[in-house]
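# Chains, contacts and geometry: an overview
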Amino acid sequence: MILPKKNNKTQVSPTVSFAQQEFLRNYYAKQRKIRTCQFIIFFGFIGLWELCTRAKLLNPFIFSSPSRFITCFIDMAKDGTIFYHIGVTLAETFISFFLVIAIGLIVAVILWWNNSIAKVLEPYLVILNSLPKTALAPVFIVWLGNNMKTIIVAAVSVAVFGTIITLYTDFVTVEEDKIKLITTLGGTKKDVLFKVVLPGNLPSIISVMKVNIGLSLVGVIIGEFLASKAGLGYLIIYGSQVFKLDWVIMSVVLLCIMATALYKLLTFIEKRVQR
């Protein structure tokens, strides 16, 4: 048992057993080993990549190198170009993400509310979720033009159908006993929704959000490949066309960092909600 902090020091209650202390020591030791291995793998890969390009085992023009794309990032940061492209991609990702969550929640609630509508739409949702979204992107360009709307619609299409199916499945699998308790006490279907279904599925909703933030980023990049004048997806396509592969590798690395940061942000929110 951990007592509140006093004088900036954490006091350990004498009631903590030796077995508990041993368990905590083993747990934190294991976590340190995992982190150490992760850092070794990461920095080992970066170091090996740099050494191979400097030793000409890999062509630095084709494969770039850590030092080259860091230099490229610094050069583009001086005039703010790279921050503009990052900002465009982030803005499109957040807009797409919030649209996916809003549409997914609203449609899932409608399907839960009316079982007949759910039975009618279920096969169409499965079909739309199975479609390769890259095949739809050119159609969106024809319909909406070469602009941000096309990118956002493409990103939403990547995640929204899976979100609806997942949330609807979670909603209909809520414990029947809880629903019977609410109805027995005179509650309406609205009470069941706001007092049982939505609160009971809050962890599922957050899990869906953690998945969708990555899917939204993927959808935005797909859209930027085909219909953009700015963004990291645009840099990747333009860099490959003019053989500026430092731009390509730098953009891919930045996308990895962004995806990790967004996932960690939602993980932090999840822990706060659980508390």
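This structure is a prediction, so every number in the text was calculated from the model and none was measured.

Criteria and cut-off values
- Residues numbered from 1 in each chain as written.
- Predicted model: local features only at pLDDT ≥ 70, side-chain atom pairs only at ≥ 80, totals over all residues.
- Heavy atoms only, no water.
- Patch = residues over 30% accessible without salt bridge, like charges linked within 9 Å, V, L, I, M, F, W, Y side chains within 5 Å.
- Areas by Shrake-Rupley, 256 points an atom, 1.4 Å probe, with all protein chains shown as cover.
- Salt bridge = Lys/Arg side-chain N within 4 Å of Asp/Glu carboxyl O.
- Helix = DSSP H or I, 4+ residues; strand = E, 2+ residues; numbered from the N terminus.
- Buried < 20%, exposed > 50% of the residue type's maximum accessible area, 1.4 Å probe, protein only.
- Contact = heavy atoms within 4.5 Å.
- Polar contact = N/O pair within 3.5 Å; in protein donor to acceptor, adjacent residues only side chain to side chain.
- Arc of directions from axis to C-beta.
- Phe/Tyr/Trp six-rings, centres within 6.5 Å; stacked < 30°, edge-to-face > 60°.
- Core = buried A, V, L, I, M, F, W, Y, C linked by side-chain atoms within 4.5 Å.
- Axes fitted to C-alpha atoms, helices over the stretch in contact; angles between N-to-C directions.
- Parallel < 35°, antiparallel > 145°, perpendicular 65-115°, else oblique.
- Left-handed = near helix turned anticlockwise from the far one by under 90°.
- pLDDT = per-residue confidence, 0-100.
- Nonpolar A, V, L, I, M, F, W, Y, C, P; charged D, E, K, R; others polar.

### Quick look at a nonpolar patch on the surface
Together, Ile106, Ile110, Ile117, Val120, Leu121, Tyr124, Ile127, Leu128 and Leu131 give the surface a local cluster of nonpolar side chains, amounting to about 790 Å² of exposed area. Secondary structure elements with two or more residues in the nonpolar patch: α4 (81-113) and α5 (115-130). For the nonpolar patch, the element with the highest residue contribution is α5, accounting for 6 residues. The class of Ile110 is partly exposed, set by a relative accessible area of 42%.

### Some words on the side chain of Ser216
Secondary-structure assignment places Ser216 in helix α10 (residues 202-226). On the basis of relative accessibility, which here comes to 0%, the residue Ser216 falls in the buried class. If near-sequence neighbours (up to four positions away) are discounted, Ser216 is found in contact with Thr93, Ser96, Phe97, Val100 and Ala155.

### With respect to the side chain of His85
Of note, His85 is situated in helix α4. For His85, the side chain forms a polar contact with the main-chain nitrogen of Gly231, separated by 3.0 Å.

### Some thoughts on helix α9 (residues 189-200)
Within α9, burial applies to Val192, Leu193, Val196 and Val197. Summarising the axial view, the buried residues of α9 lie within an arc of 130 degrees, below the 170-degree limit, and thus occupy one face. Exposed and oriented more than 90 degrees from the buried face of α9 are Lys190 and Lys195. For α9, the elements touching its buried residues are α4, α7 (148-172) and α8 (176-184).

### Overview of the packing of aromatic side chains
According to the stated counting rule, one finds 12 aromatic pairs in the structure shown. Judged by centre distance (6.0 Å) and plane angle (85 degrees), the ring pair of Phe73 and Phe83 falls under edge-to-face. A residue pair is termed long-range when its members are at least 10 positions apart, and Phe73 in helix α3 (residues 66-78) and Phe83 in helix α4 qualify at 10 residues. Ring geometry for Phe94 and Phe98: centres 6.5 Å apart, planes at 25 degrees, overall stacked. Of the two residues, Phe94 and Phe98 both sit in helix α4, 4 residues apart, roughly one turn of that helix. Looking at Phe98, the relative accessible area reads 53%, which means it is exposed.

### Focus on the nonpolar core
Soluble, globular proteins show a tendency: their nonpolar side chains are buried together. Core analysis: the largest hydrophobic core is formed by 25 residues, its most contacted members being Trp112, Phe171, Val192 and Val197. Every element with two or more residues in this core is listed here: α4, α5, α7, α8, α9 and α10. Among the elements that make up this core, the one with the highest residue count is α7 (9 residues). Ignoring any residue separated from it by four or fewer positions in sequence, one finds Phe171 in contact with Leu105, Ala108, Val109, Trp112, Val197, Leu198 and Asn201.

### Describing the packing of α10 against helix α12 (residues 245-274)
For any two helices packed against each other, the geometry is given by the interaxial angle and the distance between the axes. The geometry of α10 relative to α12 is characterised by a closest axis approach of 10 Å and an angle of 165 degrees between their N-to-C directions. Accordingly, the angle class assigned to the pair α10 and α12 is roughly antiparallel. Taken as a pair, α10 and α12 cross one another with a handedness that is right-handed. Contact residues: α10 offers Leu202, Ile206, Ser207, Met209, Lys210, Ile213, Leu217 and Ile221, while α12 offers Leu255, Met258, Ala259, Leu262, Tyr263, Leu266, Thr267, Glu270 and Val273.

### Here's the deal with unusual backbone geometry
A positive phi angle, near 55 degrees, is found at Ser64, a position not held by glycine. Even without being glycine, Phe243 reaches a positive phi, approximately 60 degrees. With respect to the helices, strands and loops of the structure, Phe243 is situated in the loop between α11 (232-241) and α12.

### Comments concerning the confidence of the model for the protein chain
Averaged over all residues, the pLDDT of the protein chain equals 83, while 94% of them reach at least 70. Between residues 1-6, whose pLDDT stays under 50, and residues either more than four places distant or in other chains, the model counts 13 contacts. Note that residues 8-13 has pLDDT below 50 and, in this model, 11 contacts with residues that lie over four places away or in other chains.

### Digging into the packing of α7 against α10
Where α7 contacts α10, the axes come no closer than 7 Å and their chain directions differ by 160 degrees. By the angle between their axes, α7 is roughly antiparallel relative to α10. Both α7 and α10 take part in a crossing whose hand is right-handed. For the pair formed by α7 and α10, the contact residues are Ile151, Ala154, Ala155, Val158, Ala159, Thr163, Thr166, Leu167 and Asp170 on the first element and Ser204, Ile205, Val208, Asn212, Leu215, Ser216, Gly219, Val220, Gly223 and Glu224 on the second. When grouped by side-chain class, the residues that make up the contact of α7 with α10 number 10 nonpolar, 7 polar and 2 charged.

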